[in-house]
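The chain contents come next:
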Amino acid sequence: MGADGLAITVPCTDGVYPLAINSDLVDIDNYEFDNPDGLFAPSRADVRSEKDLYTTKVLSEGIDFKLLTWTGDELGSFEGVGNSHLYDPLGKEGLAGAVERGDQLNEYRGEVDLPTELGTHQRNRTYMMLPIYGDNDLTVVAMGTFMVVDVGEGYVELAMVGPGRECVQVASRPNLTPVVLPSETPTIEPSPTPTDTPTPTDTPTTPPETPTPTETPPTETPTETPETP
């Protein structure tokens, strides 16, 4: 990915077709039909275990599924990857053009030739992403991936393949003005110049004069004069 963008995962703005499935028919936790009518594999060569067989269900128009309009007046397109990018109702909080959980969809109530609309997808085994609605106001509770097994007037038989996919979108990076930080040149502190400790000068010390002992004069012993008789 280039330096000018970030890859993020978002709800898809194409590949969603205008056919919504009633959640009463679906085990959303396991992404398969409740009480399926049969099992289906796109190619028997792909079947290695029961997990390779998709559950199928015959759905009745108006009860088990409803057709949708993205613009409020015309039937959404089943051609190519569809035109769900036109879905941008007033007040939508999520990504414009993306059908996602919590959206309230609009039913198309006109006449539709289902075999004509879905015949190409049946032949091509197209993986079709369809919204799953949870109540009568067509609020999306999940997205699922389905294939058309059979189609006729007023009904369609679908195989449920798994959860709806998400798409990778390149988001532009914000235009940031690079902040150039000054390069920090480490300051080398000069080593302190050692101060020469002055060599002590040997000052000759004159020893104190020993005092000359004072001669004590001898004490004269008095001479005794002999007595004259």
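Thresholds applied
Residues numbered from 1 in each chain as written. Predicted model: local features only at pLDDT ≥ 70, side-chain atom pairs only at ≥ 80, totals over all residues. Heavy atoms only, no water. pLDDT = per-residue confidence, 0-100. Contact = heavy atoms within 4.5 Å. Pairing = 2+ DSSP bridges. Helix = DSSP H or I, 4+ residues; strand = E, 2+ residues; numbered from the N terminus. Axes fitted to C-alpha atoms, helices over the stretch in contact; angles between N-to-C directions. Patch = residues over 30% accessible without salt bridge, like charges linked within 9 Å, V, L, I, M, F, W, Y side chains within 5 Å. Areas by Shrake-Rupley, 256 points an atom, 1.4 Å probe, with all protein chains shown as cover. Salt bridge = Lys/Arg side-chain N within 4 Å of Asp/Glu carboxyl O. Lys, Arg positive; Asp, Glu negative; His and termini not counted. Charge placed at Lys NZ, Arg CZ, Asp CG, Glu CD. Buried < 20%, exposed > 50% of the residue type's maximum accessible area, 1.4 Å probe, protein only.

Draft legend 1. Molecular detail of the confidence of the model for the chain. For the chain, per-residue confidence averages 76 on the pLDDT scale, and 62% of positions sit at 70 or higher. Across residues 171-188, where pLDDT falls below 50, the model places 10 contacts with residues more than four positions away in sequence or in other chains.

Draft legend 2. Geometry of the sheet that holds strand β6 (residues 54-60). The 8 strands are arranged β5-β6-β11-β10-β9-β2-β7-β8 in an open sheet whose pairing can be described as mixed. Each end of this open sheet is capped by a strand with a single partner; those strands are β5 (38-40) and β8 (106-107). Together, β2 (19-22), β7 (65-69), β9 (128-133), β10 (140-152) and β11 (155-163) form the strand contacts of helix α1 (residues 114-124), whose direction differs from that of β10 by roughly 95°.

Draft legend 3. Quick peek at a negative patch on the surface. Side chains of Glu61, Glu111, Asp113 and Glu153 sit close together on the surface and give a patch of like negative charge. By secondary structure assignment, the location of glutamate 61 is in the loop between β6 and β7.

Draft legend 4. Spotlight on the side chain of threonine 145. Within the fold, threonine 145 resides in strand β10. The residues contacting threonine 145, other than those within four sequence positions of it, are Tyr127, Met128, Met129, Ala159, Met160, Val161, Gly162, Pro163, Gly164 and Arg165.

Draft legend 5. Structural context of unusual backbone geometry. With a phi close to 50°, tyrosine 31 is a non-glycine residue in the positive phi region. Within the chain, arginine 125 stands out as a residue other than glycine whose phi angle is a positive 55°. Summarising the element assignment, arginine 125 is placed in the loop between α1 and β9. Relative accessible area serves as the criterion here: at 30%, arginine 125 is assigned to the partly exposed category.

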